[in-house]
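Structural overview for review
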Amino acid sequence: MRKQIAAANWKMNLTLQQGETLLDEITAAGIALASNQQVIFAVPSPYLPMAEARLGSFADFDASAQNIYHKESGAYTGEISAAMLVSLGIKFVVIGHSERREYFSESNADLAAKVDIALKHELTPIFCCGEPLEIREKEGQNAYVAKQLEESLFHLSADDIKKVVIAYEPIWAIGTGRTASTEQAQEIHAYLRSVIAKKYSDAVAGEISILYGGSVKAANAVELFSSPDVDGGLVGGASLIPAEFIAIIKALK
Ligand code: PGA
């Protein structure tokens with residue numbers, strides 16, 4: 001049974017002390033996860049050891065990196081390798097967030113290489129896809145996101161793609177307060193699953209968690225997550241507010 005996941009994406013926010021307080025407030029809520037549920041905190045890289053230490057005793061609460069470099073090691077000043085994350089006990093890494101694609105020019109091919117090195121080191125990639133507003137306005141979103149999957153994921157074997165978590169995040173909904181409607185989210189999630197089923201099989205597609213991201217908050221999480229193909233959310237702004245993120249975790253199926 002595929003996991004239902006609430007993933008926080010702190011982006012480049014919070015001091016270490018603020019991050020500690022946020023994690024402490026969320027874990028103090030004593031949320032008991034069901035066996036199909038998972039909570040992930042994608043924190044800034046310097047905070048990974050802190051997050052790992054704080055979350056270590058909570059089953060299925062894990063820290064995640066927000067990015068990795070596609071090389072094993074070497075003269076790449078400022079970059080972070082998969083082996084470094086593994087050495088910290090990290091199990092997850094966000095790959096291909098739209099902000100990385102936009103501000104750091106990460107291409108589908110670059111992201112394929114990042115997915116490969118993550119899987120090689122047994123890190124779970126949280127692979128982001130999603131269309132910009134001008135594509136949605138022309139109703140080109142299906143072809144756009146299918147191409148993102150094809151070019152970054154479809155070289156993987158069936159066994160490997162099952163290890164990937166996908167986050168569908170329409171760029172026009174990220175940080176804008178404008179959320180995709182429940183119908184829009186379900187429609188494109190079902191479409192993504194059908195594209196995976198066509199390339200691999202229904203069984204493989206059925207095992208992959210597809211999260212929705214883009215202005216998820218306590219007020220819309222229950223409805224969004226109730227859709228059959230929406231397996232939780234990747235949450236930016238609302239993940240910085242304890243009560244909001246706690247409610248989002250509780251909204252998981
Ligand atoms: P948001 O960000 O929830 O602030 O819209 C989501 C994301 O970028 O992952």
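Structural data are supplied above this passage.
Below: a short report on this structure. Quick caveat, the model's predicted, so the values are computed rather than measured.

What about the sheet that holds strand β7 (residues 210-213)?
Strand pairing in a sheet takes place through backbone hydrogen bonds and is either antiparallel or parallel in direction. Strands sit in the order β1-β2-β3-β4-β5-β6-β7-β8 around a closed barrel of eight strands; the barrel is parallel. The mean inter-strand angle of the sheet, taken between neighbouring strand axes irrespective of direction, is 25°. Direction of pairing for strand β6 (residues 165-168) relative to β7: parallel, over a ladder of three bridges. In the sheet register, Y168 faces β7, and the bridge partner there is Y212.

Describing the site of the ligand
Neighbouring the ligand are 13 residues; K11, H97, E169, G175 and S215 lie closest to it. One nitrogen or oxygen atom from the side chain of E169 is found 2.7 Å from an oxygen atom belonging to the ligand. One of the backbone nitrogen or oxygen atoms of G236 is found 2.8 Å away from an oxygen atom of the ligand. Burial of the ligand by the protein chains amounts to 95% of its free accessible area of 280 Å². In the shell around the ligand, the residues fall into four nonpolar, seven polar and two charged.

Quick notes on the side chain of S98
Among the structural elements, S98 can be located in helix α4 (residues 98-103). Each residue touching S98, except ones within four places of it in the same chain, is listed here: I171 and I174.

Digging into the pattern of salt bridges
Evaluated as defined, the whole model comprises 15 salt bridges. R54 is the salt-bridge partner of E20, the closest N and O atoms lying 3.9 Å from each other. Taken together, the positions of E20 in helix α1 (residues 16-27) and R54 in helix α2 (residues 48-55) put the pair 34 residues apart, joining distant regions of the chain. The exposure class assigned to R54 is partly exposed, which follows from its relative accessible area of 29%.

Remarks on the packing of aromatic side chains
Enumeration according to the criterion identifies six aromatic pairs in this entry. Measuring from centroid to centroid gives 5.1 Å for Y69 and Y76, while their planes differ by 45°, and the two rings are tilted. Aromatic rings pair up to connect F41, F58, F61 and F245 into one cluster. Directly above the ring of Y200 sits K199, whose terminal nitrogen or CZ lies 6.0 Å from the centroid.

Cut-offs applied
- Residues numbered from 1 in each chain as written.
- Predicted model: local features only at pLDDT ≥ 70, side-chain atom pairs only at ≥ 80, totals over all residues.
- Heavy atoms only, no water.
- Pairing = 2+ DSSP bridges.
- Helix = DSSP H or I, 4+ residues; strand = E, 2+ residues; numbered from the N terminus.
- Axes fitted to C-alpha atoms, helices over the stretch in contact; angles between N-to-C directions.
- Near = heavy atom within 4 Å.
- Polar contact = N/O pair within 3.5 Å; in protein donor to acceptor, adjacent residues only side chain to side chain.
- Areas by Shrake-Rupley, 256 points an atom, 1.4 Å probe, with all protein chains shown as cover.
- Nonpolar A, V, L, I, M, F, W, Y, C, P; charged D, E, K, R; others polar.
- Contact = heavy atoms within 4.5 Å.
- Salt bridge = Lys/Arg side-chain N within 4 Å of Asp/Glu carboxyl O.
- Buried < 20%, exposed > 50% of the residue type's maximum accessible area, 1.4 Å probe, protein only.
- Phe/Tyr/Trp six-rings, centres within 6.5 Å; stacked < 30°, edge-to-face > 60°.
- Lys NZ or Arg CZ within 6 Å of the ring centre and 35° of its normal.

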